[in-house]
Amino acid sequence: MTTGTATAQAHPNIAFIKYWGNKDQELRIPVNGSLSMNLDGLFTQTTVTFNTFFPKDSLTLNNKPITGAGLDRVTGILDLVRQRAGMNTSAEVRSDNNFPTGTGIASSAAAFAALALAASTAAGLHLDEQQLSILARRGSGSASRSIPGGFVEWQAGADNDDSYAFSFAPAEHWNLADCIAVISSEHKPTISSQGHTLASTSPLQAARIADAPRRIDICRQAILNCDFEALAAIVELDSDMMHAVMMTSTPALFYWRPATLAVIQAVRDWRSEGLPVCYTIDAGPNVHVLCPQEYVETTANRLRTVDGVQEVLVSKTGGPAKLV
Ligand code: PMV
């Protein structure tokens, strides 16, 4: 009988320079590189158990059984692991998030990073960080960035083996925080996997891609120099460019709600008054407001006063995916 079990935890990450669109949809090889920071306070914990007595793969997410597309996506990763380990045993996957799913807090990044680590370990494989990042990427592109710790770069690469993420500064390098203004915790209407397929229909996407290496260089340097002003300018530009592409694709994707714009405006006002804050938004209505850690309380308290903000989740820079 083949059995094996492992439990892993991974953090979501917030992209400073964003990934939107693939040059290979199936392999999830992105059209541009991206930079991110792992989010310490939030995590997904996943246990994978292989057992020959299981008739088929099963998935439980936050204590709810999941079938259909959600399970198929997980089975896709389990198949890659089984292929590599030379086995055909079914698995039970149990996964829990300590944050709301489907809101623009990248739940799929943490989920597939934790799955890649737990499944490969349970199957007896000993993958290094690069191989784990490649495996996680196959489930969700941004999951490649939740394998290494701290401040992370995902190099786009040209094929499966050179599209992976690595850490370019540890979590302790810069005490940044992400105050997430939650505007809605409903599931988003267009998941990012579908969104990526529409990116190339926007006439703005080519310009966004062409300029990406420049934005990556500026952002990496701002992080290495702990230069908040430079970081704020490039992070907001990059987020605005991605949303411009989303809004001008066919069909158009509008993830913002009125309260999203209210937070954007408030953040711009606060910064002009001297508070070091900036915004970035993923494929959802919530606004990630970045600031140095000593400004977390002021920032979170101010965000709670903006109409339409339901709650504020606070997260510091997080470490790598790990076995527990
Ligand atoms: O990894 P996905 O398919 O969930 O795509 C992530 C897309 C964004 O969150 C909008 C940007 C990013 O780089 O994280």
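Within every chain, residues take consecutive numbers counted from 1 along the sequence as written. Whole-chain, interface and lining totals are the exception, using all residues; otherwise, since this is a predicted model, local features are given only for residues with pLDDT of at least 70 and side-chain atom pairs are given and counted only at 80 or more. The basis for every side-chain value is the complete set of non-hydrogen atoms in the structure, without hydrogens or water.

A look at the environment of Pro189
Part 1: Among the secondary structure elements, Pro189 is positioned in the loop between strand S12 (176–182) and helix H4 (192–198).
Part 2: The class of Pro189 is exposed, set by a relative accessible area of 74%.
Part 3: On a C-alpha basis, the gap between Pro189 and Ala171 in space is 33 Å, while along the polypeptide they are 18 residues apart. Every helix listed is a DSSP run of H or I at least four residues long, and every strand listed is a run of E at least two residues long, numbered separately from the N terminus. Exposed residues in this analysis have more than 50% of their type's maximum accessible area, buried residues have under 20%, and partly exposed residues fall in between, with area computed by a 1.4 Å probe over protein chains only.

Examining the domain arrangement of the protein
Part 1: Taken domain by domain, the protein consists of domain 1 (2–172) and domain 2 (175–316).
Part 2: Here the C-alpha centre of domain 2 lies 23 Å away from the C-alpha centre of domain 1.
Part 3: Any pair of residues with heavy atoms lying within 4.5 Å of one another is described as a contacting pair. Listed per partner, the contact involves 34 residues of domain 1 and 49 residues of domain 2.
Part 4: Two parts placed together each lose some accessible area; with a 1.4 Å probe, that loss summed over both constitutes the buried area. On the domain 1 side of the contact with domain 2, Phe16, Lys18 and Trp20 bury the most area, a combined 26% of that side's loss.
Part 5: We count a salt bridge whenever a side-chain nitrogen from Lys or Arg sits within 4 Å of a carboxyl oxygen from Asp or Glu. Counting every contact that joins domain 1 to domain 2 gives two salt bridges.
Part 6: When the shortest N-O distance is used, the salt bridge between Arg220 and Glu153 registers 3.0 Å.
Part 7: Any N or O atom pair separated by 3.5 Å or less is treated as a polar contact, with the protein-specific requirement of one donor-capable and one acceptor-capable atom, and with residues adjacent in sequence counted only for side-chain atom pairs. At the boundary of domain 1 and domain 2, one finds 15 residue pairs in polar contact (both at pLDDT 80 or more).
Part 8: Breaking the side of domain 1 that touches domain 2 down by element, the ones donating at least two residues are strand S2 (13–17), strand S5 (34–38), strand S10 (151–155) and strand S11 (164–169). Segment limits for the domains were obtained from an automatic or database-derived domain assignment.

A look at the packing of helix H6 (residues 212–224) against helix H7 (residues 228–247)
Any two packed helices are characterised by the angle at which their axes cross and by the distance between the axes.
Part 1: In this analysis, axes come from line fits to C-alpha atoms, helices being fitted only over the stretch in contact, and the angle between any two N-to-C directions falls in the range 0 to 180 degrees. At a minimum axis distance of 9 Å, the contact between H6 and H7 shows a crossing angle of 145 degrees. Seen from above, H6 lies across H7 with left-handed handedness. Touching Arg214, Arg215, Ile218, Cys219, Ala222 and Ile223 of H6 are Ala230, Leu231, Ile234, Leu237, Asp238 and Met241, all from H7.
Part 2: In this classification, Asp, Glu, Lys and Arg are treated as charged, Ala, Val, Leu, Ile, Met, Phe, Trp, Tyr, Cys and Pro as nonpolar, and every other residue, Gly included, as polar. Here the contact of H6 with H7 is built from residues that sort into nine nonpolar, no polar and three charged. A crossing counts as left-handed when the near helix is turned anticlockwise from the far one by less than a right angle, and as right-handed when that turn is clockwise.

Points about the site of the ligand
Part 1: We call a residue near a molecule or strand when any one of its heavy atoms sits within 4 Å of it. Inspection of the region around the ligand gives 14 residues, with Tyr19, Ser140, Ser142, Arg145 and Ser192 positioned closest.
Part 2: At 2.7 Å, a side-chain N or O of Arg145 approaches an oxygen atom of the ligand.
Part 3: At 2.8 Å, a side-chain N or O of Ser192 approaches an oxygen atom of the ligand.
Part 4: Accessible surface area values rest on a Shrake-Rupley calculation with a 1.4 Å probe, where residue burial reflects the displayed protein chains alone. Burial of the ligand by the protein amounts to 97% of the accessible area it has alone, namely 380 Å².
Part 5: The residue makeup of the shell around the ligand, split by class, is five nonpolar, six polar and three charged.
Part 6: Looking at which domains feed residues into the shell around the ligand, each of domain 1 (2–172) and domain 2 (175–316) supplies at least three.

Side note on the pattern of salt bridges
Part 1: As enumerated under the stated definition, the model contains 10 salt bridges in all.
Part 2: The salt bridge involving Asp57 is made with Arg82; its shortest N-O contact spans 2.8 Å. Of this pair, Asp57 sits in the loop between strand S6 (44–51) and strand S7 (58–61) while Arg82 is found in helix H1 (residues 69–85), placing the two residues 25 residues apart along the sequence. Take Asp57 and Arg82: they sit in the same class, and that class is buried.
Part 3: Several salt bridges converge on common partners, so that one network encompasses Asp211, Arg214, Arg215 and Asp238.

What about the sheet that holds S5?
Part 1: Note on pairing: DSSP must find at least two bridges between two strands before they are called paired. Strand order in the open sheet formed by four strands is S2-S5-S10-S11, and the pairing between neighbours is antiparallel. Strands with a single pairing partner mark the edges of an open sheet, and in this sheet they are S2 and S11. Going across the sheet, the axis of each strand differs from the next one's by a mean of 35 degrees, ignoring polarity.

Some remarks on the sheet that holds strand S14 (residues 287–292)
Pairing between the strands of a sheet comes from backbone hydrogen bonds, and it takes one of two forms, parallel or antiparallel.
Part 1: Overall, antiparallel pairing links the four strands, which are arranged S13-S14-S12-S15 in an open sheet. Of all strands in the sheet, those bounded by a partner on one side alone are strand S13 (278–280) and strand S15 (311–316). Averaged over all neighbouring strand pairs, the angle between strand axes comes to 30 degrees, with direction disregarded.
Part 2: Sheet topology note: the S13/S14 ladder contains three bridges and is antiparallel. Each residue of the ladder has a partner; that of Tyr279, found in S14, is Val289.
Part 3: Packed on one face of the sheet, helix H8 (residues 258–272) meets S12, S13 and S14 and runs near 155 degrees to S13.
Part 4: Against the sheet, helix H9 (residues 296–304) engages S12, S14 and S15, with an angle of about 10 degrees to S12.

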